[in-house]
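Residue-level structural notes
Here is how the chains run, residue by residue.
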Amino acid sequence: MGGREPLTSARTAVPLDEHVVVRGLWRAVDVFRCLALAYAVWSAWERRDEMVNPTAAVVILGVLTGWTVVQTVRPMRTARAYTVELAIACAAILGTRLVDSPEVITAGAKTIPSIWPSAAIVGWAVLRGWRGGVVAAAIVAACSFVEVIEPTANTVTNSILGLLLGGCIGYCVDLTRASHAALAQAMRVEAARAERDRLARTVHDGVLQTLAFINRRAIDIGGETAALGAMAGEQERILRTLVSQADLAEVDRAVSGEADLRGLLAHVETDDIALVAPGEPVLLPRRVADEVVAAVEAAVDNVRKHAGEGARAWVLLDDDGAGVQVTIRDSGVGVDAGRLDEAVGQGRLGVSSSIRGRLADLGGTASVTSGATGGTTVELRVPHTPAR
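This report concerns the structure included in the present document.

Criteria and cut-off values
Residues numbered from 1 in each chain as written. Predicted model: local features only at pLDDT ≥ 70, side-chain atom pairs only at ≥ 80, totals over all residues. Heavy atoms only, no water. Helix = DSSP H or I, 4+ residues; strand = E, 2+ residues; numbered from the N terminus. Buried < 20%, exposed > 50% of the residue type's maximum accessible area, 1.4 Å probe, protein only. Polar contact = N/O pair within 3.5 Å; in protein donor to acceptor, adjacent residues only side chain to side chain. Contact = heavy atoms within 4.5 Å. Core = buried A, V, L, I, M, F, W, Y, C linked by side-chain atoms within 4.5 Å. Axes fitted to C-alpha atoms, helices over the stretch in contact; angles between N-to-C directions. Parallel < 35°, antiparallel > 145°, perpendicular 65-115°, else oblique. Left-handed = near helix turned anticlockwise from the far one by under 90°. Nonpolar A, V, L, I, M, F, W, Y, C, P; charged D, E, K, R; others polar. Phe/Tyr/Trp six-rings, centres within 6.5 Å; stacked < 30°, edge-to-face > 60°. Lys NZ or Arg CZ within 6 Å of the ring centre and 35° of its normal. Disulfide = S-S within 2.5 Å.

1. As for the side chain of R33
Take R33: it is sitting in helix α1 (residues 20-46). R33 gets classed as buried once you look at its relative accessible area, which sits at 0%. For R33, the side chain forms a polar contact with the side chain of D30, separated by 3.2 Å. Separated by 3.3 Å, the side chains of R33 and Y82 make a polar contact. Among residues more than four places away in sequence, those in contact with R33 are T68, Q71, Y82, E85, W116 and A119.

This is the structure:
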């Protein structure tokens, strides 16, 4: 529960974040097991004279005592442990036929373990809810019918009580765990909301005002600075939505809705770099669009660094319906054959990681080619439905 692995105690293997009611039931099972063993020993002693094989009764009670001591000293709350306990309980019930004569059994004598198997039923109910409790009770009831051969009123009554015990306790445990999980989730949501409010105050007093100021000043200055201002304004809008919206769906739309790739690429256009885009919006999911923009920025940065002085570049944006393609062409010196592979071998992963890696993660492709007389062309393509 709670979206994390439950902590466990080395001694008991009980989840420490388990509801207090469930922990109380586990302790009740341990106490009941000891009391049931004492009752079984007393019942066997009371009718020792009518037993055909008292030695077998001693052996059966010895096994029950051993398991009770183990579960009392080092409780185990696992399916494996309670499978063993259920098997011991069923074997003890069937073992009664080795202790008593058929006449005594048919007359309705108690089984050797008496009510001890009920501990296994309750244990499965606490461990696996009402389904576990009912299944365990049904197995115990089946063994009781096999042991007595001719069912008596007591056999039927005890079997029904076992089914009710396992089902009702298991159902209560299911309700308890569900309510505990709902409460934990509500507390996490409230804690997250309080933390968001705290961050919102901090961001509003600092970052948002700074971004808004940059946006206004960049528009006033104009020129290339206006593109930087537009980027600041877009980030301010997204950040303001994140810190002010109570509706989580609205927050999700702000960061993961569709974005127009034309606007996101506007800032790459300078005196030496021209952007050619269609008249209609080129829409992509925001995460995909941000990755494409980052790849284009990496390609444009390579033009500035390696194309040579005086080189010009063109960024061509196109949407053919099946996908979006961005082509970056430059008039520079080009790239020698094998140079990109050599750069990867030297640990320089600009093209390999920043461009090809990004497009591959989006289910798209990226290629880099050079003309015979110079110039480099980088082609980026991403489908509208990214490959899964």
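2. With respect to the nonpolar core
Ranked by internal contacts, the top residues of the largest apolar core, which has 33 residues, are L261, V292, V296, V315, V326, I328 and L380. When contributions to this core are tallied by element, the ones reaching two or more residues are α9 (261-264), β2 (273-276), α10 (286-306), β4 (313-319), β5 (323-330), α12 (350-361) and β7 (376-383). The leading source of residues in this core is α10, at 10 residues. When sequence neighbours within four positions are dropped, the list of residues in contact with V296 reads L265, V315, V326, I328 and L380. Listed in part, the 18 residues of the second largest apolar core include V22, C90, A120 and I121.

3. What to know about the packing of helix α3 (residues 79-99) against helix α5 (residues 117-148)
It is at 9 Å that the axes of α3 and α5 come closest, and there the two elements cross at 20 degrees. With respect to α5, the element α3 is oriented roughly parallel. Like other packed secondary-structure pairs, α3 and α5 cross with a definite hand, here right-handed. In terms of residue class, the contact of α3 with α5 is made up of 17 nonpolar, four polar and four charged.

4. Re the environment of E291
With respect to the helices and strands, the residue E291 is situated in helix α10. Its relative accessible area of 26% is what places E291 among the partly exposed residues. The spatial distance from the C-alpha of E291 to the C-alpha of I355 is 9.1 Å, given a sequence separation of 64 residues. Among residues more than four places away in sequence, those in contact with E291 are R358 and L362. At 3.3 Å, the side chain of E291 and the side chain of R358 are in polar contact.

5. Here we look at the packing of aromatic side chains
Here the structure, examined in full by the defined rule, presents two aromatic pairs. Between W26 and Y82, the aromatic rings sit 5.7 Å apart at their centres with planes inclined by 40 degrees, giving tilted as the arrangement. Of this pair, W26 sits in helix α1 while Y82 sits in helix α3; the two residues are 56 residues apart in sequence, bridging distant segments of the chain. Over the ring of W45 we find R48, and its NZ or CZ is 3.9 Å from the ring centre.

6. Let's talk about the state of the cysteines
Throughout this description, disulfide means a covalent bond between two cysteine sulfur atoms. Evaluation of the coordinates by the stated rule reveals zero disulfides. Between C90, a cysteine without a disulfide, and C143, which holds the nearest cysteine sulfur, the sulfur-to-sulfur distance is 3.4 Å. For C90, a relative accessible area of 9% gives the class buried. Between C168, a free cysteine, and C172, which holds the nearest cysteine sulfur, the sulfur-to-sulfur gap is 6.8 Å.

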